[in-house]
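# Breakdown of the fold
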Amino acid sequence: MSYLTLAGLQKRYRDSVAVDDVSLSVEQGESVALLGPSGCGKTTTLRMLAGLVDPDAGTIRLDGAEITRLPAHRRNMGYVFQSYALFPHLSVARNVGFGLEERRVGRAETGRRVEEALGMVRLSGLEGRRPRELSGGQQQRVALARALVIRPSVLLLDESLSNLDAKLRDAMRHEIRDIQRSLGITTLFVTHDQVEALTMCDRIAVMKRGRIEQIGTPEDIYERPATRFVADFVGRANVLPADRDAKGGISVWGVTLPARAPQGGEVDVFVRPQRVRLVPVSEPAGEGMVRLTGRVERSVFVGDHVEVIVAGTGGQLSVEMQSGARPPADGTEVAALWQARDTLVFPREAP
Ligand code: ATP
């Protein structure tokens, strides 16, 4: 049995179902991201885990015991809120030690553990400051230290990095991941940021309208999305309307693809821009390759890569070239090649 198990969790509000039959098993020491668009039920799921929201149905088990109805303070879970929720009138040390005071841990032990937790988040020396005397990133670290100091069975992070600027967010991602790994702490975090999910966890649960669409490693989710929604939400993708031929095959821009289509209905082909390579039109397709031709419409320098837009008979194709590579001049006729196995086919969505 897994360390933490959510089975058939459901939460309804008056006019909507926020979480609809969510089941998830998390191993001890594992870090799992709940990823999805705004309103898909991520935070409600996390809050049910923390004991801050009562589920209408379903069970939560931790380390062999059912905790579905256990009050929040008896679950030993560390929760880091998006807004940090620090006490403004208390010093950093008192903020961090708060959970220990509540648990009636002795003074000396509290002092020792607060110091240790502040060391972990690299805030030693700032014990006496008030939250308003700290930067956003430092406040975020205090909130993290406060969650870690109780030595939680599970660490829950709710969009905890979203108030930080891009550079700090990136640094904190690595720091939190390092702390999580070195302590071996079971972690669930909520995010709508795919980079955060891809870089900070062992597995991702992608949520849509209160349900989990797919659970898998970051590689699974990115390389083998199970549904159109996942393919669209995680990473960038070209979406090319496909035609079916009489023999059940599919074609894009008049080119038959060595890919299979799901039964019935219209389909679209997905291919990631960085999986497409541009070559001179004289170059044929190799074994197992898809080859479309078109004309370069424009190239845009995006810093870490160059985006080249190719226009063909059936629309546009975006191609990512490494920065430093020279894109073909606008108007050049080119062939766009990709491995057939990088082709994803999904039913077309109703508009
Ligand atoms: P976000 O990324 O915007 O925080 P989320 O995926 O975390 O979104 P939730 O906060 O779990 O989503 O909300 C899921 C749905 O439940 C939303 O439609 C929301 O409006 C609704 N909801 C959440 N909390 C309440 C509440 N206390 N009362 C009524 N409806 C709520």
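Predicted, not measured: the structure shown is a model, and the values here were computed from it. Each chain carries its own residue numbering, running from 1 in the direction its sequence is written. Under the rules for a predicted model, residues below a pLDDT of 70 receive no local features and side-chain atom pairs below 80 are neither given nor counted, while totals for whole chains, interfaces and linings still include all residues. Side-chain measures were taken over the full set of non-hydrogen atoms in the model, leaving aside hydrogen atoms and water.

## Some thoughts on the domain arrangement of the protein
- A domain assignment, automatic or from a database, supplies the domain bounds used here. For the protein, the domain assignment lists domain 1 (4–233) and domain 2 (238–347).
- Once you take the C-alpha centre of each, domain 1 and domain 2 turn out to be 39 Å apart.
- Whether two residues touch is decided by their heavy atoms; if any such pair falls within 4.5 Å, the residues are in contact. Opposite the 9 residues of domain 1 that make contact, domain 2 presents 9 residues.
- Here the quantity called buried area is the total loss of accessible area, with a 1.4 Å probe, experienced by two parts when brought into contact, counted for both. Here domain 1 packs against domain 2, burying approximately 810 Å² in sum over the two surfaces, 45% of which is carbon and sulfur.
- A per-residue breakdown of the area domain 1 buries against domain 2 is headed by Tyr222, Arg228 and Ala231, which together make up 68% of the total.
- Salt bridge criterion: a side-chain nitrogen from Lys or Arg within 4 Å of a carboxyl oxygen from Asp or Glu. Summed over the shared surface of domain 1 and domain 2, the result is 2 salt bridges.
- For arginine 275, the salt bridge identified is with glutamate 223, shortest N-O distance 2.8 Å.
- Distance and chemistry together define a polar contact, namely a pair of N or O atoms within 3.5 Å, with one atom able to donate a hydrogen and the other to accept it when in protein, and with adjacent residues in sequence counting only for side-chain atoms on both sides. At the junction of domain 1 and domain 2, the tally comes to 6 residue pairs in polar contact (both at pLDDT 80 or more).
- The helix and strand labels rest on DSSP assignments: H or I over at least four residues marks a helix, E over at least two residues marks a strand, and numbering proceeds from the N terminus. Elements with a contribution of two residues or more to the side of domain 1 that touches domain 2: α7 (218–223) and α8 (228–233).

## With respect to the side chain of arginine 272
- Secondary-structure assignment places arginine 272 in the loop between β15 (267–271) and β16 (277–280).
- Burial here depends on accessible area, computed with a 1.4 Å probe over protein chains only, as a share of the maximum for the residue type. Under 20% is buried, over 50% is exposed, and the range in between is partly exposed. Here the positive residues are Lys and Arg and the negative ones are Asp and Glu; neither His nor the chain ends is included. One buried charge, arginine 272, has no salt-bridge partner; the nearest side chain with opposite charge is glutamate 223, at 6.1 Å.
- Within the local environment of arginine 272, its side chain forms a polar contact with the backbone oxygen of tyrosine 222, the two atoms lying 2.9 Å apart.

## Topic: the packing of helix α2 (residues 92–102) against helix α4 (residues 136–148)
- At a minimum axis separation of 7 Å, α2 and α4 run at an interaxial angle of 30 degrees. As summarised for this structure, α2 and α4 are arranged roughly parallel, according to the angle between their axes. Remark: the crossing between α2 and α4 carries right-handed chirality. Between α2 and α4, the contacting residues are Val92, Asn95 and Val96 on the first element and Val142, Ala145 and Arg146 on the second.
- Here the nonpolar group is Ala, Val, Leu, Ile, Met, Phe, Trp, Tyr, Cys and Pro; Asp, Glu, Lys and Arg are the charged ones; every other residue, Gly included, is treated as polar. Here the residues of the contact of α2 with α4 sort into 4 nonpolar, 1 polar and 1 charged. Orientation is described by axes fitted as lines to C-alpha atoms, over the contacting stretch for helices, and by angles from 0 to 180 degrees between their N-to-C directions. Any angle that is under 35 degrees is reported as roughly parallel, and any over 145 degrees as roughly antiparallel; angles of 65 to 115 degrees are reported as roughly perpendicular and all others as oblique. Throughout, a crossing is termed right-handed when the near helix is turned clockwise from the far one, and left-handed when it is turned anticlockwise from it by less than a right angle.

## Section: the side chain of threonine 44
- Relative to the helices and strands, threonine 44 is located in helix α1 (residues 42–50).
- Discounting chain neighbours no more than four positions away, the residues touching threonine 44 are Lys11, Tyr13, Ala18, Val19 and Val53.

## Looking at the packing of aromatic side chains
- The criterion for an aromatic pair is that two Phe, Tyr or Trp rings (for Trp, the six-membered ring) have centres within 6.5 Å, with stacked assigned to planes under 30 degrees apart, edge-to-face to planes over 60 apart and tilted to the rest. Applying the stated criterion to the full structure yields 4 aromatic pairs.
- Pairing tyrosine 79 with phenylalanine 81 gives two aromatic rings, centres 4.4 Å apart and planes at 40 degrees, and the pair type is tilted.
- Given a relative accessible area of 11%, tyrosine 79 falls into the buried group.
- Relative to phenylalanine 98, the ring of phenylalanine 87 lies with its centre 4.7 Å away and its plane at 50 degrees, an arrangement referred to as tilted. Within this pair, whereas phenylalanine 87 is found in the loop between β6 (77–80) and α2, its partner phenylalanine 98 is found in helix α2, the two being separated by 11 residues in sequence.
- Take phenylalanine 98: its relative accessible area is 28%, and that puts it in the partly exposed class.

## Section: the sheet that holds strand β20 (residues 333–339)
- Pairing is antiparallel across the open sheet formed by 5 strands, whose spatial order is β16-β20-β17-β18-β19. Every interior strand has two partners, whereas the edge strands, β16 and β19 (315–322), have only one. Put simply, the sheet's adjacent strands are angled 45 degrees from each other on average, direction ignored.
- As judged from the 7 bridges shared by strand β17 (residues 289–301) and β20, these two strands associate in the antiparallel manner. Two strands qualify as a pair provided that DSSP identifies no fewer than 2 bridges between them.

## Structural notes on α4
- Look at α4: 18 Å from first C-alpha to last across 13 residues, which is about the 18 Å you get at 1.5 Å a residue.
- Within α4, 10 of the 13 residues are buried, leaving the element largely enclosed by the surrounding structure.
- Those residues of α4 that fall on the buried side of the exposure criterion are Gly137, Gln140, Arg141, Val142, Ala143, Leu144, Ala145, Arg146, Ala147 and Leu148.
- Of the surrounding secondary structure, the elements contacted by the buried residues of α4 are β6, α2, α3 (107–120), β7 (154–158) and α5 (166–183). Between the first and last residue of a helix there are one fewer steps than residues, each counted as 1.5 Å, and that sum is the expected span.

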